[in-house]
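Now for the letters of each chain:
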Protein chains: 2
Amino acid sequence: MQELTLRQQEILLWIRQYMADHGIPPTRLALCAAMGFRSPNAAESHLRALERKGAIELVQGVSRGIRLVEEPKEPSGLPLIGKVAAGQPILAVAHIESYEPIAPELFRPVAHYLLRVQGESMRNAGILEGDLVAVHHTLIAQNGQIVVARLEDEVTIKRFYRQGERVELHPDNPDYPVIEVNLKKRALHIEGVMVGLIRA
Amino acid sequence: MQELTLRQQEILLWIRQYMADHGIPPTRLALCAAMGFRSPNAAESHLRALERKGAIELVQGVSRGIRLVEEPKEPSGLPLIGKVAAGQPILAVAHIESYEPIAPELFRPVAHYLLRVQGESMRNAGILEGDLVAVHHTLIAQNGQIVVARLEDEVTIKRFYRQGERVELHPDNPDYPVIEVNLKKRALHIEGVMVGLIRA
DNA sequence: CTTGTAACTGTATATAATTACAGTTACTTG
DNA sequence: CAAGTAACTGTAATTATATACAGTTACAAG
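Heads up: these notes are all about the structure in this document. (Residues numbered from 1 in each chain as written. Chains lettered and ligands numbered in written order. Predicted model: local features only at pLDDT ≥ 70, side-chain atom pairs only at ≥ 80, totals over all residues. Heavy atoms only, no water.)

Time to look at the pairing of strand 9 (residues 166–170) of chain A. Residue and element names in this part refer to chain A. Here strand 9 shows one buried face, formed by Val167 and Leu169, and one open face, formed by Arg166, Glu168 and His170. The sheet contact formed by strand 8 (residues 154–163) and strand 9 spans five bridges and is antiparallel. The residue bridging arginine 162 from the neighbouring strand is valine 167, located in strand 9. Hairpin connection, strand 8 to strand 9: the antiparallel pair is bridged by two residues, and glycine 164 has positive phi, about 60°. One ladder, built from four bridges, connects strand 9 with strand 10 (residues 179–182); its direction is antiparallel. Counted as the bridge partner of valine 167 is valine 181 from strand 10. (Buried < 20%, exposed > 50% of the residue type's maximum accessible area, 1.4 Å probe, protein only. Helix = DSSP H or I, 4+ residues; strand = E, 2+ residues; numbered from the N terminus. Pairing = 2+ DSSP bridges.)

In structure tokens form, the structure reads like this:
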């Protein structure tokens, strides 16, 4: 869609509002009345301009034949992250498997994405392989929270404990080892905190 | 909305389809063409009938002045069932705590409601106290499936095993006992099978 | 058997709506 | 300064659309 003039934006906005209010597109005369035009041709040529710029479509010979052209809107729902390749940001487009129809507001704080769980290291926290963990993207974690952490290009879900420069990443499964990190020696990034879980 | 005749339903459906296709309501003549009427009055009187029965609204003097009347549609999302009172059906209105904005199609087979988990008896299946279990309402369960069962007015979530007249309801937690039921002696109702889980 | 209603045909007409043509004014761009 | 364009006025004509009126046929209910 080409760029619109101020007046054209104003008119497009009014058309949107009219359609929301009335359930049908406006006539030329209605547009005249609303914008204060004294000539129906003013409405006509504005509509033609909007059509030329791709904002609307006009169906000729048809009363109220105005169609809004949909902006290619962003997919709704939460992105589902599958395997995360080494060295790439977790929300890279390449990692997005799909968009799941789940409201981010279902979780508090809101979820920003879903991460598919690999392995059984959090089994005792009720997090099983294949589950989708809802993650709130944040850099700050409290002790004891379940976090999504990146340690040397590996993304992992663990329980977070910190004392000064020492961080411990605890699995909730005695079969797995506790990961100890000295922040001076190894880079650790908190990618977010777990705010929920979905098993489908 | 009053009940519609078959023909009226057909016409209402066509109007819906037309609006979805064209973005605007149809004219009387378009309706004639579609239904094979040779008189515009056939369309007119059908529209009047639909208006009388509350299916649509007609704006007089306005071209394409047909508005669909929204059905007072059921709240979208899945009903969340909290505590189930003894002797009452699980989907009784009184048990519905709220509607959660979750698409039933997120689960396969589709979920019909969510049930809040009480107790830790399914801990090892990754089902914790307070979790919401998505349930597909069905009377049929396979051995080994996790089911919502009603045993003498108690609603419980367990793993289902059946051999002839004997049913065993297994917890996934060694701290809880296996429940054995002889179908000849005690009534057991399967309320549905677990199809997913949400922890918010 | 009458009455009411659904589901139409057929004709006619007023009005709602699109759309063409001929201009004007102000502003921007090469 | 000429040419193009946005943003209009004003008039007119055609076509699209709603809608009234007068009937017909079939069927169901009191």
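This next bit is on the nonpolar core. Core analysis: the biggest nonpolar cluster contains 44 residues, and Ile102, Phe107, Phe160 and Leu188 of chain A together with Ile102 and Phe107 of chain B have the highest contact counts within it. Setting aside residues no more than four positions away along its own chain, phenylalanine 107 of chain B makes contact with Arg199 and Ala200 of chain A together with Leu78, Ile102, Ala134, Val195, Gly196, Leu197 and Ile198 of chain B. Counting residues in hydrophobic clusters, the runner-up holds 30 residues, among them Tyr113, Val117, Ile127 and Met194 of chain B. (Core = buried A, V, L, I, M, F, W, Y, C linked by side-chain atoms within 4.5 Å. Contact = heavy atoms within 4.5 Å.)

Quick look at the relation of the copies chain B and chain A now. Its rotation angle being 180°, the transformation that places chain B on chain A also includes 0.3 Å of axial translation and leaves an RMSD of 2.6 Å. The symmetry that links the two subunits is that of a two-fold axis. Residue by residue, 100% of the interface of chain B is reproduced at the interface of chain A, so both copies engage with the same surface. (Least-squares fit on C-alpha atoms with pLDDT ≥ 70 in both.)

A separate point is the interface of chain B and chain A. At the junction of the two partners, chain B supplies 29 residues and chain A supplies 29 residues. Across the contact surface, chain B and chain A share zero salt bridges. Applying the counting rule to chain B against chain A returns 13 residue pairs in polar contact (both at pLDDT 80 or more). Mapped by element, the contributors of at least two residues to the side of chain B that touches chain A are helix 1 (6–22) and strand 11 (188–199) of chain B. Per element, the largest residue contribution to the side of chain B that touches chain A is six residues, and it comes from strand 11 of chain B. Residues that form the side of chain B that touches chain A fall into these classes: 16 nonpolar, seven polar and six charged. The pairing of strand 11 (residues 188–199) of chain A with strand 11 of chain B spans three bridges and is classified as antiparallel. (Salt bridge = Lys/Arg side-chain N within 4 Å of Asp/Glu carboxyl O. Polar contact = N/O pair within 3.5 Å; in protein donor to acceptor, adjacent residues only side chain to side chain. Nonpolar A, V, L, I, M, F, W, Y, C, P; charged D, E, K, R; others polar.)

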